[in-house]
Amino acid sequence: MNRRRLSLITIASLVAGFAAPALADPNYPSKPVRIIVGYSAGGPTDTVARLVAAKMQAQLGQPFVVENRAGVGSNVASEAVAAASADGYTLLIAAAPITMNRFVYKDQKFNVEKSFEPISKLSSAPGVLAVRNGLGVKSVAELIALAKKSPGKLTYGSTGLGGSQHMAGELLQRLSGIQLLHVPYKGASNVLNDLLAGHIDMAFMTATGAMPHLQSGKVTSLAVAGPKRLASLPNVPTVAEVGLPAMISDSWNGLLAPAGTPPAIIKKLHEAAVAALKAPDLKEKLEGQGGLMIGNNPDEFRAEIREEVNQWAEQFKSVKIDTQ
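Quick caveat: nothing in here was measured; it's all calculated off a predicted structure.

Draft legend 1. Main features of the pattern of salt bridges. All told, the structure shown has 12 salt bridges when counted by the stated rule. The shortest N-O distance in the salt bridge between Asp46 and Arg50 comes to 2.9 Å. In this pair, Asp46 and Arg50 are both assigned in helix 2 (residues 44–60), 4 residues apart and thus about one turn of the helix distant. By relative accessible area, Asp46 is classed as buried at 4%. Arg50 sits in the partly exposed class, given a relative accessible area of 39%. As a salt-bridge pair, Glu113 and Arg102 come within 3.1 Å of each other at their nearest N and O atoms. Taken together, the residues Glu113 in the loop between strand 3 (90–95) and strand 4 (116–132) and Arg102 in the loop between strand 3 and strand 4 connect sequence positions 11 residues apart. Using a relative accessible area of 30% as the deciding quantity, one classes Glu113 as partly exposed. Connected through shared salt-bridge partners, Arg34, Glu67 and Arg69 make up one network.

Next up, the structure:
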């Protein structure tokens, strides 16, 4: 009986061993790594992704290839990475809307708190309220006055339904008592292009990626939706300075891997990402565009994601939005 029991225990142990998650490849990465971006090329998330990918590639000795898969408020990219093998070779550069999307897209095929392993929040950048030059306004007060004369006529662009730029526009309307017409796009570069062309009247442009155009004067920057002025836009007041202190719109970018990715791989990627953010040339470029380097650890990033999901759950209760 004892021999039989021992044999059963041995067999059970072998089966459990086969069922256990695969161990991390000690030579990781041994082939190219894909970084999926849920927005179009040239936008702020794409900008951060390409700068960080180049540094991680130099450190880890394998290509880090950025792939753009825009669509459905970044859900196309998020769902692809959530379904990918948990081996560290498919990663996601996420943006703030990933914590909002469950309240907008009811049929999304991932859960931001369960489908990913956080690696690090990379950077953060405030939104800048900008208007087309032909609109004829030079301040937030003038914009509000014009909007009140023609309710629902002025248009504002965003990177998609329920995203951070959309919600910033909703918040502006609620705080100032105006009515605007929302025009969603598939990425920040598309919003910027139509703002430059005069096809839309305004947008909350993320400082990172749009800074050269905000500085050039090709659009009119009215206010920074953050706690302090940007060194790269010293003459543009904050929303608090123009009487809307609650009008905060902060955008972040972070690196995620599919759930179940081995801790050793997460650790290696985290160390490479943090080292990338400390590179003087990368830091200078992103901060020059209004970005703030973060580089927190996986546990801190996970806690921030959970906190944001809870905050958005409350905000979506008070803001009327057509969900999908």
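Draft legend 2. Region of interest: unusual backbone geometry. Omega for the peptide link from Tyr28 to Pro29 comes to -10°, which places this bond in the cis form. Structurally, Pro29 can be placed in the loop between helix 1 (2–19) and strand 1 (33–37). Residue Val72 is not a glycine yet carries a positive backbone phi of 50°. Within the secondary structure, Val72 is located in the loop between strand 2 (64–68) and helix 3 (75–82).

Draft legend 3. Structural view of helix 6 (residues 188–197). Three or more residues of helix 6 are buried, namely Ala188, Ser189, Val191, Leu192 and Leu195. Burial along helix 6 is one-sided: seen end-on, the buried residues are contained in an arc of 155°. Gly198 sits one or two residues past helix 6 and shows a positive phi near 80°.

Draft legend 4. Spatial organisation of the environment of Gln59. Considering the arrangement of structural elements, one finds Gln59 in helix 2. Accessibility expressed as a relative area gives 37% for Gln59, which makes it partly exposed. As for Gln59 and Ala203, which are separated by 144 residues in sequence, their C-alpha atoms are 37 Å apart. Leaving out residues up to four positions away in the same chain, Gln59 has contacts with Glu271, Ala272, Ala275 and Ala276.

Draft legend 5. Expanded view of the pairing of strand 3. The buried fraction of strand 3 is high, at 6 of 6 residues. Bridge count for strand 1 against strand 3 is 4 bridges, and the pairing is parallel. Across the sheet, Ile35 pairs through a bridge with Leu91, a residue of strand 3. Bridge count for strand 3 against strand 9 (residues 250–258) is 4 bridges, and the pairing is antiparallel. Within strand 9, the residue paired with Ile93 across the bridge is Leu255.

Draft legend 6. Just the pairing of strand 4, in detail. With 15 of its 17 residues buried, strand 4 lies for the most part within the structure. In the sheet, strand 4 pairs with strand 9 via 9 bridges, with the strands oriented antiparallel. Looking across to strand 9, one finds that Phe116 is bridged to Pro258. By the bridge criterion, 2 bridges tie strand 4 to strand 10 (residues 292–293) in an arrangement that is antiparallel. Of the residues in strand 10, the one forming a bridge with Ser124 is Leu292. One ladder, built from 5 bridges, connects strand 4 with strand 7 (residues 202–206); its direction is antiparallel. In the sheet register, Val128 faces strand 7, and the bridge partner there is Met205. Bridge count between strand 4 and strand 8 (residues 219–225): 6 bridges; the pairing is antiparallel. Pairing of Val128 across the sheet is with Val224, part of strand 8.

Draft legend 7. Spotlight on the environment of Gly162. Mapped onto the fold, Gly162 is located in the loop between strand 5 (155–158) and helix 5 (164–176). Residue classification places Gly162 among the buried residues on the basis of a relative accessible area of 0%.

Draft legend 8. Spotlight on the packing of helix 2 against helix 9 (residues 280–288). Across the interface, helix 2 lies against helix 9 with an axial gap of 11 Å and an inter-helix angle of 175°. Between helix 2 and helix 9, the angle is such that the two are roughly antiparallel. From helix 2, Val48, Leu51, Val52 and Lys55 reach across to helix 9, where they touch Asp281, Leu282, Lys285 and Leu286. Considering only residue class, the contact of helix 2 with helix 9 consists of 5 nonpolar, no polar and 3 charged.

Draft legend 9. Spotlight on the nonpolar core. Membership of the largest hydrophobic core comes to 32 residues, with the highest contact counts inside it found for Met56 and Leu91. Sorting the residues of this core by element identifies strand 1, helix 2, strand 2, strand 3, strand 4, strand 9, helix 8 (263–278) and helix 9 as the ones contributing at least two each. With 7 residues, helix 8 is the single largest residue contributor to this core.

Cut-offs and rules
- Residues numbered from 1 in each chain as written.
- Predicted model: local features only at pLDDT ≥ 70, side-chain atom pairs only at ≥ 80, totals over all residues.
- Heavy atoms only, no water.
- Salt bridge = Lys/Arg side-chain N within 4 Å of Asp/Glu carboxyl O.
- Helix = DSSP H or I, 4+ residues; strand = E, 2+ residues; numbered from the N terminus.
- Buried < 20%, exposed > 50% of the residue type's maximum accessible area, 1.4 Å probe, protein only.
- Arc of directions from axis to C-beta.
- Contact = heavy atoms within 4.5 Å.
- Pairing = 2+ DSSP bridges.
- Axes fitted to C-alpha atoms, helices over the stretch in contact; angles between N-to-C directions.
- Parallel < 35°, antiparallel > 145°, perpendicular 65-115°, else oblique.
- Nonpolar A, V, L, I, M, F, W, Y, C, P; charged D, E, K, R; others polar.
- Core = buried A, V, L, I, M, F, W, Y, C linked by side-chain atoms within 4.5 Å.

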